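Each chain, letter by letter, is given below.
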Amino acid sequence: MNKKYFISLSIAAALTIGSLPTLGTTANAHSSVEDLKKQQDDISSKKEEINGKIDEKKSEINQNINKQQEIQTQIAEISTKLKDTENKIAEKTKEIDETTAEINKLKEEIEVLKKKIEERNELLKERARAIQEKGGSANYLDVLLGADSFGDFINRVTAVNTIVSADKKIMDEQKRDQAELEKKQEEVEAKLAELESTKASLESLKQDLDSQKAQKAELFKQLEAQQASLEVEKKDLQKESDELSKMEHQLEGEIQAEQARLAELARQREIERKRQAEAEAAKRAAAQQQATTSSSGGSSSAPAETAPSAPVSAGAWTSPASGTITTNFGWDVLNGKKRFHYGTDIAARGSVPISAAADGYVIKSHYSSSYGNVVYITHSINGQTFTTVYAHMASSSVSTGQAVNKGDRIGYMGNTGYSFGQHLHFELHAGSWNASKSNAVNPRQYINF
């Protein structure tokens, strides 16, 4: 990644973060949990994107380090070859020096040999002139014919043979020395040429290795600079991720505060409902006593009580929908895999209304990829906070922050989100809802389905 692209990326990230709503105090602003969750989801998405880029930078840095190590290994190999080549050059230089010394010595020998050849040439010339002046081979015949006796003849023959043999020897030595001189010259010159060629090849190899080493060193330098740049980019991205984490934590605090505020409203509502119920009971008791006192003794029948509308039950809780229980709370198998089911599934056909399981306040009503159309309601029952969840609804008829009574219609059963057929996935949490669902309890502990 080049530097211009990284700067553009950083500016875009800053603008994106800047475009998110300023995080204020929930107690003052009373932002809905749904809005806060949306902000949190936006920040989480951005943080995930930033963390992905951090991972990319880490991968690039690791690749860079591997390349540096590879280059260092190559430089070491080239350095070894260079050392070996320099040693061979030194050896060849020594051999060239020795051969040059040998050539110089041979030149001295050649000079001596040249003098011998010259002397022999002169001797042969003298011999040739003498023979020419005295008539050549006929002169030897006169010598032989001039013998006084047979013994003298033999002596003369021996002398002539000696002279002829000496001349032949001189001529043979002359040819041999000349051939030896030419051979030595050829051998030494060939050896010197071979050494010079080998040395030139080695010097060319050394030059090439020097060039390779320089290129590798430059590449290593570039990789070091690139790594430093990548480290800076990763640090900047990490800083952005840390800032997003702070915003996430702040939003989480605001979400909890808003949930607590709604739970407190539910608690106050419960207290007020109990107070009103007690006042109504006292009023009915007083009226009944007054009616008894003013009675003339005739019997009177009490008016019949109107039964609650189905499926609303008496007490603090009621079933959220009519239908068949298809999956209970606890361990079960989904798509061949064992999993823990944190709620109770109720299935039915047709247009099936869904009711609030107890009095409370809607803390969130939205659509998610997993729960589909889902409503979260906080309740206060005998001073304890509960949260109920209604998932996979076809539609929702309540909004965030809205007060609901037990049995109020909040939507209709559906098949939205990660669902396999029309049903209501109902969860009950003893406390606030969280992603790990650590507060989830079996709804059958409180509700008779």
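If you're wondering where the values come from, they're calculated on a predicted model, not measured in any experiment.

Enquirer: Help me out: how do you make sense of the overall build of the protein chain in this one?
Expert: In terms of regular secondary structure, the protein chain is built from five helices and 12 strands. Taken across its 449 residues, the protein chain has 31% of its residues classed as buried. In the protein chain, the share of contacts with a sequence separation of at least 24, taken over all contacts with a separation of at least 6, comes to 70%. Carbon and sulfur atoms make up 51% of the accessible area of the protein chain, which amounts to about 27,500 Å² in all.

Enquirer: Would you mind going over the pairing of strand 4 (residues 344-347) with me for this structure?
Expert: Looking along a regular strand, one sees side chains alternate from face to face of the sheet. Side chains of strand 4 alternate between two faces, with T344 and I346 and D345 and A347 buried alike. Bridging between strand 1 (residues 324-327) and strand 4 involves three bridges; their strand directions are antiparallel. Across the sheet, the residue bridging to I325 is I346, located in strand 4.

Enquirer: Looking at this model, I keep getting lost on a negative patch on the surface. Mind explaining?
Expert: The grouping of E182, E186, E187 and E189 at the surface amounts to a negative patch. Relative to the helices and strands, E186 resides in helix 5 (residues 150-293). In this structure E186 comes out as exposed when scored by relative accessible area, which is 56%.

Enquirer: What should I look at first to understand unusual backbone geometry in this one?
Expert: In this model, N382 sits at a positive phi of 55 degrees, which is unusual for a non-glycine residue. Topologically, N382 is positioned in the loop between strand 7 (372-381) and strand 8 (384-396). Even without a glycine there, the phi angle at K437 is positive, about 55 degrees. Inspection of the secondary structure assignment puts K437 in the loop between strand 11 (424-429) and strand 12 (440-441).

Enquirer: Before we go on, may I ask you to explain the pairing of strand 7 in this structure?
Expert: Along strand 7, 10 of the 10 residues are buried, which leaves the element largely enclosed by surrounding structure. For strand 6 (residues 360-368) and strand 7, the ladder comprises seven bridges, and the chain directions are antiparallel. Bridge pairing links Y367 to N373 in strand 7. Here strand 6 hands over to strand 7 after three residues, the two strands then running antiparallel side by side. Where strand 7 lies against strand 8, eight bridges are found, and the strand directions are antiparallel. Bridge pairing links Y376 to V389 in strand 8.

Enquirer: For this particular structure, what's the right way to read the confidence of the model for the protein chain?
Expert: Keep in mind that low pLDDT regions are not for reading the predicted coordinates in detail. Averaged over all residues, the pLDDT of the protein chain equals 78, while 78% of them reach at least 70. Overall, residues 1-29 carries pLDDT values under 50, and its contacts beyond four positions in sequence, including any with other chains, amount to 33 contacts. A low-confidence stretch, residues 296-310 (pLDDT under 50), is modelled with zero contacts involving residues beyond four sequence positions or located in other chains.

Enquirer: It is not clear to me how the environment of L265 should be interpreted in this structure. Could you clarify?
Expert: You can see L265 is positioned in helix 5. By relative accessible area, which is 32% here, L265 ends up partly exposed. L265 sits 96 residues away from Y361 along the chain, and the two C-alpha atoms are 7.7 Å apart.

Enquirer: Teacher, can you tell me more about the environment of R269 here?
Expert: Here R269 shows up in helix 5. What makes R269 partly exposed here is its relative accessible area of 22%. Distance in space between the C-alpha atoms of R269 and D359 is 8.5 Å, their sequence separation being 90 residues. In contact with R269, not counting residues within four places along its chain, are D359, G360, Y361, A403, V404 and N405.

Enquirer: Which parts of the structure should I look at to understand the nonpolar core?
Expert: Looking at soluble globular proteins, one finds that nonpolar side chains tend to be buried together. Membership of the largest hydrophobic core comes to 25 residues, with the highest contact counts inside it found for W317, I354, V375, I377, Y390, I410 and M413. Taken together, the elements giving at least two residues each to this core come down to strand 7, strand 8, strand 10 (409-413) and strand 11. Setting aside residues up to four positions removed in sequence, W317 forms contacts with A357, A358, H379, I381, F386, T388, K406, L428, Y446 and I447. Within the second largest apolar cluster, 20 residues are counted, among which are I50, L244, M247 and Y376.

Enquirer: Explanation requested: the environment of D208 in the structure shown.
Expert: Here D208 shows up in helix 5. D208 gets classed as partly exposed once you look at its relative accessible area, which sits at 39%. Between the C-alpha atom of D208 and that of L82, which follows or precedes it by 126 residues, the distance is 9.5 Å.

Enquirer: Looking at this structure, how should I read the packing of aromatic side chains?
Expert: Geometrically, a pair of aromatic rings is defined through the distance of the ring centres and the angle of the planes. Here the structure, examined in full by the defined rule, presents 10 aromatic pairs. Seen in terms of ring centroids, W317 and F386 are 5.4 Å apart; in terms of plane orientation they differ by 90 degrees. Their pairing is edge-to-face. Here W317 is found in the loop between helix 5 and strand 1, whereas its partner F386 is found in strand 8, with 69 residues between them in sequence. F386 matches W317 in its accessibility class, with the two residues each being buried. Judged by centre distance (5.3 Å) and plane angle (70 degrees), the ring pair of Y376 and W433 falls under edge-to-face. Within this pair, whereas Y376 is found in strand 7, its partner W433 is found in the loop between strand 11 and strand 12, the two being separated by 57 residues in sequence. With respect to burial, Y376 and W433 carry one shared label: buried. Grouping aromatic residues by their ring pairs yields a cluster made of F329, W331, F340 and Y342. Positioned above the aromatic ring of W331 is the side chain of K338, whose terminal nitrogen or guanidinium carbon lies 5.3 Å from the ring centre.

Definitions and cut-offs
Numbers given to residues run from 1 along each chain, matching the order in which its sequence is written. Given that this is a predicted model, residues contribute local features only at a pLDDT of at least 70 and side-chain atom pairs are listed and counted only at 80 or more, while totals for whole chains, interfaces and linings are drawn from all residues. Hydrogen atoms and water are omitted, and side-chain values are computed over all heavy atoms in the structure. Strands are runs of DSSP state E lasting at least 2 residues, helices are runs of H or I lasting at least 4, and numbering of each runs from the N terminus. A simple rule labels every residue: compare its accessible area, found with a 1.4 Å probe on the protein chains alone, to the largest value its type can have, and call it buried under 20%, exposed over 50%, or partly exposed in between. Note on contacts: a residue pair is in contact if any heavy atoms of the two residues lie within 4.5 Å. The protein chains shown are the only cover counted for residues, whose accessible areas, like all others here, come from Shrake-Rupley with a 1.4 Å probe. Think of it this way: DSSP has to see at least two bridges between two strands before they count as a pair. Patch construction takes residues with relative accessible area above 30% that form no salt bridge. Like charges are linked within 9 Å, and nonpolar side chains (Val, Leu, Ile, Met, Phe, Trp, Tyr) are linked within 5 Å. Any Lys or Arg side-chain nitrogen found within 4 Å of a carboxyl oxygen on Asp or Glu counts as a salt bridge. A residue counts as positive if it is Lys or Arg and as negative if it is Asp or Glu; His and the chain ends are not included. Note that the charge is assigned to NZ on lysines, CZ on arginines, CG on aspartates and CD on glutamates. You can read pLDDT as the predictor saying how much it trusts each residue, on a scale of 0 to 100. For the purposes of this section, nonpolar cores are sets of buried Ala, Val, Leu, Ile, Met, Phe, Trp, Tyr and Cys residues that join through side-chain atoms within 4.5 Å. Here a pair means two rings of Phe, Tyr or Trp (six-membered ring of Trp) with centres within 6.5 Å. Their orientation is stacked below 30 degrees between planes, edge-to-face above 60, and tilted elsewhere. Only when the NZ of Lys or the CZ of Arg is both within 6 Å of the ring centre and within 35 degrees of the ring normal is a charge said to sit over the ring.

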